[in-house]
Amino acid sequence: MKTYDAVIVGAGAGGGIVAGVLAEAGHKVLLLERGPNLRYEDVGRDHLRSQRLSLYGHNAGPHIEGNPRVVVGADGQEHQVRPHQGGYNNNAACVGGGTRVYGAQAWRFMPQDFRMASLYGVPEGSSLADWPLSYDDLEPFYEQAEWELGCSGDAGAMVFHGPRRRGYPMPPLPETRKTVPLKRGAQALGWKTHPIPVLINSQPYDGRGACVGCNNCVGYACPTEAKNGTQNTLIPRALSTGNCELISEAMTERIETDARGNVTGVTYLIEENGALRREMVRSKVVVVSAGAIESARLLLNSSSNKHPHGLGNEHDQVGRNLQGHYYSGARAIIEEEIYDGIGPGITISTTQFNHGNAGVIGGAMLADDFLKPPIDFWHTSLPPDVPRWGSEGKRWMRDYYHRTLYVAGPVQEIPNPDGRVQVAPHVRDKFGIPVARLSGTTHAATLDVAEFMRERAEEWLRASGGTKIWSARHTLRLSGGQHQAGTCRMGDDPRTSVTDRFGRVHAHDNLFVADGSLHVTNGGFNPVLTIMALAFRSGQHIAQALS
Amino acid sequence: MILNSSLQSTLQAAANRIIPADDYPNAWEGGVGFYLERQFATDLSRSVPAYEAGLAALEAEARIHFDAPFVTLLEAQQDELLRRVEAGEVQTEWSVPPRRFFAMLVQHVAEGYYCDPMNLGNVGLRSWQMVGFVPRCD
Ligand SMILES: Cc1cc2nc3c(=O)[nH]c(=O)nc-3n(C[C@H](O)[C@H](O)[C@H](O)COP(=O)(O)OP(=O)(O)OC[C@H]3O[C@@H](n4cnc5c(N)ncnc54)[C@H](O)[C@@H]3O)c2cc1C
Ligand code: SF4
């Protein structure tokens, strides 16, 4: 049987970074990824099957056949859904995971985001908690993520953020036409704004090109490798050491344990000529980095006599507290010319309302949006009172595709232990593995935050010259999706958390989690930079433990 | 096409009211037919029976209201019928829910009109020229 120092399950944001850190420290690593290693051409430019508008499928996986999930609806009934259907809460399945096609917004959380329970108290029925580490503990690793992958931004202008030792390695992406009214509006309101930090090269960096401003950024791959994911940074670095073996299209079936309950390796499955080949490997350490939903599923599916409820699940915590982000915002028509078609399209943000808002818990960052392909715009961006067909619907597309502004932000969710991932033993994927079952909702206090942020978005658009302004209220639902997090939260108390502050699963010496699952709370920001910073930190810790 | 020629004519006429001609092409000239033809054979194969039922029912509505096939009606009459279907105010027996059928039809027509050309719709990129979307660096 093949033997490694570490097997890492999932080559996404977290897994890719741990692979790089361990391989460069000289450890033998196996990196298993269920999806393929996609070239730029494989991702393509399909406007109906992207990770942003997935009407008939995705461009970064998983395939819509053979990978169902079970979702419990508001009616309490179980529904089987495919990856592109509502409720599935997909992120991606390929080398790089979500970072292969993401928008690359690279936000640090604020110091307050690690202390939500202390700052705001715990609403009844919620599992709001402090992190077992502070912003200061994570700060050096945020810096590492920003410099090792490559990040553009204007640190000096981010006055509401925590202290930092070092700025960004690259200046921000240029402003575009639509920045102008939004900047003016914010100034009129007395709000502070700044460019959006992105893991995108504003100038050539580390041998990769600069952004050329194409107009299919989020949901697509980058033509100049200016968008930095793990697939073009830490994973190639890991491979170039000769210490890391990457196997794509390899589905990890279970984590293996011995008679005493110790983790010994994993079993994975590969599809070959229509048949399944099963491989078992041994390793000193197993790192689970399959994304918040699939990591919980894998731990739960790895039950044994010693661990009848799954690994790390002695206290029924694995899979609970599933969080993502409600996106709260508003749209407006602006009469001036605001379109120049230069991507990525995210140009201005305010973090004025992430904390300190009377009557609500936390808040959100607000920003303008990525450019949208016309059919995506048709689906998401028409006002409810405009007919979607006939001359009027067509005229709206013609006159307002390039005059519609959208500002929105990721609302910091209030976690609920009943918003959770379980497994559905009666429904299996194409490998015969029981699938994830999603049920519950986030805590209702999230709605108050969403409503507060919707009002701020409208206010900003009004001050920016918006003539017609529209938005929609949120209703309570389960959240996860591309910002999924929280299902194996870190903590000091094994009864209320799954891992310790380094991502080590309680009661195991050699089983780690390194992905969005670890987040105790998910910030009012896109989560990936925090996932990466934690992965650098855990990776360093695991490397030391292995030495 | 997978639909029979009479249903296809109804589909074409209805699509051209959903996206009518002006300075820019109507739905069919914009490639919606090419788009739907491939979709009916692939992703939307399971929706073909619903299309057949809905288009046949739309024809039946045309006969009841105007005593003529849908394709021969004046544009204003076609629009009136489509508005009724959209509102679910139908006179004949529909085996697909009319409102759901209409929403599906509108969505698929828009897809064919505004999609990227690899999906066979959006002929000559005319809809993108109309809205001002210029693909860069592809
Ligand atoms: C279109 C899009 C835009 C986004 N934009 C942003 C943004 O601007 N800013 C931001 O912060 N975040 C963004 N995100 C979210 C970001 O990509 C995720 O937060 C991040 O990728 C999550 O990292 P992770 O390590 O938790 O999981 P992932 O990156 O999802 O990686 C998990 C990997 O594990 C693999 N896997 C799962 N199960 C198994 C198994 N059993 N065996 C083997 N492999 C397995 C999966 O296929 C996947 O590749 C975006 C995501 C998408 C899709
Ligand atoms: S907008 Fe820039 S970073 Fe984004 S895909 Fe296009 S070239 Fe790459």
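Residues numbered from 1 in each chain as written. Chains lettered and ligands numbered in written order. Predicted model: local features only at pLDDT ≥ 70, side-chain atom pairs only at ≥ 80, totals over all residues. Heavy atoms only, no water.

Visitor: What should I look at first to understand the site of ligand 2 in this one?
Guide: Taken together, the residues surrounding ligand 2 are Ile 200, Cys 211, Val 212, Gly 213, Cys 214, Cys 217, Cys 222, Pro 223, Gly 343 and Pro 344 of chain A. Mapping ligand 2 onto the cavity grids shows that it belongs to the second largest cavity. (Near = heavy atom within 4 Å. 1 Å grid on protein atoms, 1.4 Å probe; cavity = no way out; pocket = protein on both sides within 12 Å on 5 of 7 lines; lining within 4 Å. Sits in = over half its atoms within 2 Å of the grid points.)

Visitor: For this particular structure, what's the right way to read unusual backbone geometry?
Guide: Most of the time, phi is negative for any residue but glycine, and the peptide bond is trans. Residues and elements named next belong to chain A. Omega for the peptide link from Gly 61 to Pro 62 comes to -5 degrees, which places this bond in the cis form. The topology assignment puts Pro 62 in the loop between helix 2 (40-43) and strand 3 (69-72). With an omega of 0 degrees, the peptide bond between Gly 343 and Pro 344 qualifies as cis. With respect to the helices and strands, the residue Pro 344 is situated in the loop between strand 9 (326-334) and strand 10 (349-350). With a phi close to 70 degrees, Ala 104 is a non-glycine residue in the positive phi region. (Helix = DSSP H or I, 4+ residues; strand = E, 2+ residues; numbered from the N terminus.)

Visitor: Just to check I follow, could you spell out the nonpolar core for this structure?
Guide: Among the nonpolar cores identified, the biggest contains 101 residues, and Leu 199 and Ile 255 of chain A are the most heavily contacted of them. Top element by residues in this core is helix 11 (residues 528-546) of chain A. It accounts for 11 residues. Counting residues domain by domain, this core receives three or more from each of domain 1 (1-44 + 59-151 + 228-321 + 415-438 + 480-547) and domain 2 (175-197 + 207-218 + 327-410 + 443-476) of chain A. Ignoring sequence-local partners within four residues, the contact set of Ile 255 of chain A consists of Val 263, Gly 265, Val 266, Val 286, Val 288, Leu 298, Leu 299, Ser 302, Leu 311 and Leu 511 of chain A. Judged by nonpolar contacts, the second largest core, of 62 residues, contains Leu 3, Ile 18, Leu 81 and Val 109 of chain B. (Core = buried A, V, L, I, M, F, W, Y, C linked by side-chain atoms within 4.5 Å. Buried < 20%, exposed > 50% of the residue type's maximum accessible area, 1.4 Å probe, protein only. Domains from an automatic or database assignment. Contact = heavy atoms within 4.5 Å.)

Visitor: For this particular structure, what's the right way to read helix 3 (residues 48-66) of chain B?
Guide: Since there are 3.6 residues in each turn of an α-helix, residues three or four apart along the chain are aligned in direction. All names here are of chain B. Its 19 residues give helix 3 an end-to-end C-alpha distance of 26 Å, which sits within 8% of 27 Å, the value for a rise of 1.5 Å per residue. Buried within helix 3 are the following residues: Val 48, Tyr 51, Gly 54, Leu 55, Ala 57, Leu 58, Glu 59, Glu 61 and Ala 62. Where helix 3 is buried, its residues touch helix 1 (5-18), helix 2 (32-41), helix 4 (75-87) and helix 5 (98-114). In the segment just after helix 3, Asp 67 is the residue with positive phi, at about 55 degrees. (Expected span 1.5 Å × (residues − 1).)

Visitor: Help me understand the site of ligand 1 in this model?
Guide: Residues and elements named next belong to chain A. Around ligand 1, 38 residues are found, and the nearest of them are Glu 33, Arg 34, Asn 91, Gln 105 and Val 528. A distance of 2.8 Å is found between an oxygen atom of ligand 1 and a side-chain nitrogen or oxygen belonging to Asn 91. Within the backbone of Val 528, an N or O atom sits 2.7 Å from an oxygen atom of ligand 1. For ligand 1, the accessible surface in isolation is 1,000 Å², of which the surrounding protein chains cover 98%. Considering only residue class, the shell around ligand 1 consists of 16 nonpolar, 18 polar and 4 charged. (Polar contact = N/O pair within 3.5 Å; in protein donor to acceptor, adjacent residues only side chain to side chain. Areas by Shrake-Rupley, 256 points an atom, 1.4 Å probe, with all protein chains shown as cover. Nonpolar A, V, L, I, M, F, W, Y, C, P; charged D, E, K, R; others polar.)

Visitor: Sorry if this is basic, but what is going on with empty space enclosed by the protein here?
Guide: Where empty space is left becomes clear once a probe the size of a water molecule has been rolled over the atoms. Residue and element names in this part refer to chain A. Using the criterion set out here, one finds 6 cavities of 30 Å³ or more in the structure. Approximately 230 Å³ is the volume attributed to the largest cavity. Phe 370, Lys 372, Phe 377, Tyr 401 and Thr 404 are, among the 16 residues lining the largest cavity, the residues nearest its centre. The element best represented in the lining of the largest cavity is strand 12 (residues 404-411), accounting for 3 residues. Partitioning the lining of the largest cavity into residue classes produces 8 nonpolar, 3 polar and 5 charged. Considering only enclosed or pocket space, the second largest cavity measures out at about 90 Å³ in volume. Along its surface, the second largest cavity is lined by 14 residues, and Cys 211, Cys 214, Cys 217, Cys 222 and Pro 223 are the ones closest to its centre. A per-class count over the lining of the second largest cavity returns 9 nonpolar, 4 polar and 1 charged. (Points joined across faces, edges and corners; volume = space filled by probe spheres on them.)

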